[in-house]
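Spelled out from the first residue to the last, the chains are:
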Amino acid sequence: MKPVPAKVSVFRKILRGTGLFPFIVKRVLTSILLIFGMTFIAFSITQLVPGDPVAANLGQSAYSDPEIVAAFEKEFGLDQPVPVQYLRYIQKLSQGNLGISLSSKRPVNEDLKEYFPATLEIALIAVVIAMILGLLLGTISAITRDRLPDQIIRVVSLTGVSMPTFWTALVFFYVFFFLLGWSPGTGRLDPGSEPPPQVTGMFTIDALINGDFATFKQAFSYLLLPAIVLAIYALGVLTRFTRASVLEILGNDYVRTARAKGLPELTVIRRHVLRPALLAIITVAGVAFASLMAGSVLVENVFSWPGLGQYAYRAAVGLDLPGIMGVSMVVATVYITMNLIVDILYRVIDPQLRKAEQ
Amino acid sequence: MGIVFSFALVSTVAVSGPVSAAAKTLTVETVFQLTSTDPARSFEQTGNMINRALYETLLTYKGGDAATPVPGVASKWKVNANATEFTFTINPKAKFSDGTKITSADVVFSLNRLKNVKGNPSSLMNGITVSAPNAGTVVLTTAAPTPQVLAIVTSPALGILNSKVVKANGGTDAADAKDTDKALDFLKSQSAGSGPYTLKSFNLTTEVVLVKNTKYWGAAAGYDQIVVRNVPVNVQRLNAIKGTSSIAVDLSPDQAEGLGSKVYVVEGKASNVFFIYLSQNKDFSDATKFTSNAKCVEAVRYAINYNKIVRYAGRGAVQAPGIIPSFFSGSLKAKDAIKQDTARAKTAFDACGIGTTPVSIGFWGDGGAVNGLSFASLTALVDEDLRAVGFKTKLAGAPIAVSLPLYRENKEEMGLWLWGPDWPDSTNDTESFSPGTKVGLRMGWNAGSDSVIEELRARASTETNPKKRAALFRDWQLEMNKRSPLIPLVQPAAIVVSNKSVVGTSDHPIWKVNLAEVRPAN
């Protein structure tokens, strides 16, 4: 029997371990497999659509010219059988190459580098708004159960969950831009303005890194309204979830004991109620963030926000397979990463989980 | 919560200021139909509008006219008697934005590159050979008489590039340019033309910024900067009312109502004609055994309430009397249009024998709309009329990526689509809708199906006398209206909304707004 190399031995040890680091390593490896599985499903589903990317991307006359059609098919590898196309895609993917977009005619990596940060920027602001207000309103709602503040907050949160995001976007745009003039309008910057030199792709952050406060303020003013619209749905969900979690914990004996000991109410809520409630809330916030990233298409359309949602829509309409696959990869990665972060936070926040594993 | 949001919004906007154009900045809002600013690869409306300002062509048109070519880079031109040889003399004053003179070598390079990159507009060069007998002359030759060459050379796709600059950045006009030309990225980062504007920045989803060409050899550009922005139609309307944009390109006639006093509306006719057709491919399905029957075509032709469709299309729309748009040579008059005759339609329906066999109507169904007209709504109107005379119809709308291939591959029983010209000349229609041509084949209407129509097409495509050409185009359409499986429906209005601070805004069938002609009012 051959001796096991030292590196392999260490790797096995990690995989068999029970601490946080082995947990992360195992989850990352599983995630890579999940992403490859996702590529197969996304590729297969796209092939099932009874459309023709050549017809969707070439004009009337060009489509009737066999030479132009052949050149287009060759350029994008559409002249190959589907299994060959998939294998080539996987081969390129393993080298970090997501292919060339049929609609933008440039590498999907470059497209995503431009569009992903734009969506990330509004989703981050949206989730921060939703988390702060959701926690606050949910807690107030729970501790004022069945009284007027609770009733008002429940109506507001139900409205947030019920209103279609597209409709909310249109109404908010009309009111805050057209009627009140508080919002500067659509896009990310004033017409013709130079974006800050790209570091993260998020204009507000890049402007700060560059020390350009005027651009930061301008970018932030364009960012705020779409972020608020995007936050409304998540805010509704988080408020309702926080309320439910806090109510459940408020009924526990140890909370009654804490109160009986004479601890101030604020301390009871902060130490004995919110901390355990955070576990469930973080789970919802993680999923909400991922769904904001994936579901921003309608808001982006109303606000002409050049993000992942608009890119995904254009790729889908043009049967731009590399574009569709690129977006699917990003969304899958965001979901997987958010779940991983949530699981790690669980272990950090809840000592019982760590003990159970040990 | 609302108060918190309000304060945040107010405080940030107060810093950034309102979204108004600077003193010499023109803001144009449109829903982007754009792939690049490479003339050889761009063939969409927004691309044409932008390239028209960046690149000049041998000939062009003024304002919204699409009938009389005027000098562009070529100061004069002549056509031989049988329209097979077109000689252009390059204006000796013409120069690129870097100050170098335009020569015939640049024209040959640009046109051959267009032909050989095999991009979307490359088919414009089909059958055309370009040569340069000397530095100031370019000759375009065709094997058969092709009078439409004078219209084709106005297309922004035939824009003249600075060959030295483009070659230095990976461009080539070689026969294998489809594989070897690498100038696309360069031409999206900067322009290499002779137009009154140059490209400052290009973003496929947000905005394209043009700046004044300070070395322009013609009348100076009206603005220091033009920002063409990708903006949804409803927002275009709000911005037009507020006066925060200069030009809104995509409003429908209905949306152009009640815009207030800050704007004026340029109203023309769209170059698109909506039509319905019946598949002539007998073997495709049970229904096409009948749709290929002349009586079935007649039943559909006379069943439709054209007035109702025109009313739906709104202000400025007209019934299309033929497939050739109203502003092209040989277009038909309103009196030539087909009129609804329900009794005749019912008789023809009975004679056709389709009975209760269901027939599907394909169209762009996921909210697809052009010139403010929804394909789904138009199809529903037609469907109502067809059912009234006895047809059992099925609406088969689908997303464009699905429905368009079905139409283009002759896999529809009936279809409701539109046609917009690739170049502004009536041959665009005769060469597309006759038996055996592009759309003819999509309808299953093969060559040899109608000798009269085919002969008229052949004569119209080679006739060089303008009056005789116009008469042939008219005759061709009248015959088409009698027997072809194609039924023209409506030519919508085309609207451009312009702020009163801007003059020179027009509506053109190929490049929509000629940005080179737009100027500040004062």
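The model shown is predicted, which means the values in this text are computed figures rather than measured ones.

Chemist: Residues and numbers for the overall build of chain A, please.
Modeler: Within chain A one finds 17 helices and 0 strands. Dimensions along the principal axes, computed over C-alpha positions, put chain A at roughly 85 × 80 × 45 Å. Sorting the 358 residues of chain A into buried and exposed places 42% on the buried side. The long-range fraction of contacts in chain A, counting pairs at least 24 apart against all pairs at least 6 apart in sequence, stands at 71%.

Chemist: Give me the overall build of chain B: which residues, what numbers.
Modeler: Looking only at helices and strands, one finds 18 helices and 23 strands in chain B. Here chain B has a C-alpha radius of gyration of 24 Å; the compact-globule value for 522 residues is 24 Å, and the two agree. On the principal axes, the C-alpha backbone points of chain B span a range of 75 × 70 × 40 Å. Taking the contacts inside chain B whose residues are at least 6 apart along the sequence as the reference set, 69% of them involve residues at least 24 apart.

Chemist: Describe the interface of chain A and chain B, with residues and values.
Modeler: With 47 residues of chain A in contact, the opposing surface of chain B contributes 48 residues. Listing elements by their share of the side of chain A that touches chain B, those giving two or more residues are α3 (53-57), α4 (60-63), α5 (66-75), α9 (165-179), α11 (213-250), α14 (297-302) and α15 (308-317) of chain A. Taken together, the residues of the side of chain A that touches chain B break down into 23 nonpolar, 17 polar and 7 charged.

Chemist: Could you give me a rundown of the pairing of strand β8 (residues 197-202) of chain B, with the residues and numbers involved?
Modeler: All names here are of chain B. The pairing of β8 with strand β9 (residues 207-212) spans 5 bridges and is classified as antiparallel. For Thr198, the partnering residue across the bridge sits in β9 and is Val211. Turn length for the β8-β9 hairpin, with the two strands adjacent in sequence and antiparallel, is 4 residues.

Chemist: Residues and numbers for the environment of Asp350 of chain B, please.
Modeler: Residue and element names in this part refer to chain B. Positionally, Asp350 belongs in helix α12 (residues 342-352). Assessed through the 14 C-beta atoms surrounding it within 10 Å, Asp350 is described here as partly exposed. For the pair formed by Asp350 and Lys101, sequence separation is 249 residues and the distance between their alpha carbons is 69 Å.

Chemist: Could you give an account of the domain arrangement of chain A, naming the residues involved and the relevant values?
Modeler: Residues and elements named next belong to chain A. For chain A, the domain assignment lists domain 1 (6-94) and domain 2 (108-357). For domain 1 and domain 2, the distance between their C-alpha centroids amounts to 29 Å. Listed by partner, the interface residues are 18 residues for domain 1 and 15 residues for domain 2. Taken together, the elements giving at least two residues each to the side of domain 1 that touches domain 2 come down to α2 (20-48) and α3. Counting residues per element, the side of domain 1 that touches domain 2 draws most heavily on α2, which supplies 11 residues. Grouping the constituent residues of the side of domain 1 that touches domain 2 by class yields 11 nonpolar, 6 polar and 1 charged.

Chemist: Residue-level account of the sheet that holds strand β12 (residues 263-269) of chain B, with values.
Modeler: Consider a sheet: its strands pair through backbone hydrogen bonds, and that pairing is either parallel or antiparallel. Residue and element names in this part refer to chain B. Read from one edge of the open sheet, 7 strands run β8-β9-β10-β1-β11-β21-β12, paired in mixed fashion. Strands at the two margins of the open sheet, each flanked by one partner only, are β8 and β12. Direction of pairing for β12 relative to strand β21 (residues 493-499): antiparallel, over a ladder of 7 bridges. Paired with Val266 across the two strands is Val496, which belongs to β21. Those strands touched by helix α2 (residues 45-54) are β1 (25-30), β8, β9 and β10 (225-230), and its axis lies near 135 degrees from that of β8.

Chemist: Go over the sheet that holds strand β6 (residues 128-134) of chain B with me, naming the residues and quoting the values.
Modeler: All names here are of chain B. The strand order across the open sheet formed by 4 strands is β4-β5-β7-β6, and the pairing between neighbours is antiparallel. Either end of the sheet is taken by a strand with one partner, and the two such strands are β4 (74-79) and β6. Averaged over all neighbouring strand pairs, the angle between strand axes comes to 20 degrees, with direction disregarded. Where β4 and strand β5 (residues 85-90) come together, 5 bridges link them in antiparallel fashion. From the neighbouring strand, Val79 faces β5, where its bridge partner is Phe86. With respect to the sheet, helix α3 (residues 104-116) is in contact with β5, β6 and β7 (137-142), its orientation differing from that of β6 by roughly 165 degrees.

Chemist: Pulling in residues and values, what's your account of the packing of helix α8 (residues 148-162) of chain A against α11 of chain A?
Modeler: The relative placement of two packed helices comes down to the angle between their axes together with the axis-to-axis distance. Residue and element names in this part refer to chain A. As a packed pair, α8 and α11 sit with axes 7 Å apart at the nearest point and diverge in direction by 135 degrees. Taken together, the axes of α8 and α11 are oblique relative to one another. Of the two elements, α8 crosses α11, and the hand of that crossing is left-handed. Taken together, the residues of α11 that come into contact with α8 (itself represented by Ile153, Ser157, Leu158, Gly160 and Val161) are Ile232, Tyr233, Leu235, Gly236, Val237, Thr239 and Arg240.

Conventions adopted
Every chain begins its residue count from 1, and numbering advances along the sequence as written. Key to labels: chains lettered from A, ligands numbered from 1, both in the order written. Selection of residues for local features in this predicted model requires a pLDDT of at least 70, selection of side-chain atom pairs for listing and counting requires 80 or more, and totals for whole chains, interfaces and linings are taken over all residues. In DSSP terms, a helix is any run of H or I states spanning at least four residues, a strand is any run of E spanning at least two, and both are numbered starting from the N terminus. The exposure scheme places C-beta atoms from the backbone and then counts, for each residue, the other C-beta atoms within 10 Å of its own, assigning buried at 20 or more, exposed at 12 or fewer, and partly exposed in between. Working definition of a contact: two residues with C-beta atoms, positioned from the backbone, lying within 7 Å. Our radius of gyration looks at C-alpha atoms and nothing else; its globule reference is 2.2 Å times the residue count to the power 0.38. Classes in brief: Ala, Val, Leu, Ile, Met, Phe, Trp, Tyr, Cys and Pro nonpolar; Asp, Glu, Lys and Arg charged; the others, Gly included, polar. Between any two strands, at least two bridges found by DSSP are needed for them to pair. Segmentation into domains, and thus their bounds, comes from an automatic or database assignment. Note on method: axes are straight lines fitted to C-alpha atoms, helices fitted across the in-contact stretch only, with angles between N-to-C directions ranging 0 to 180 degrees. These descriptions rest on fixed angle ranges, namely under 35 degrees for roughly parallel, over 145 for roughly antiparallel, 65 to 115 for roughly perpendicular, and the rest for oblique. Crossing handedness follows the turn of the near helix against the far one: under a right angle anticlockwise gives a left-handed crossing, and clockwise gives a right-handed one.

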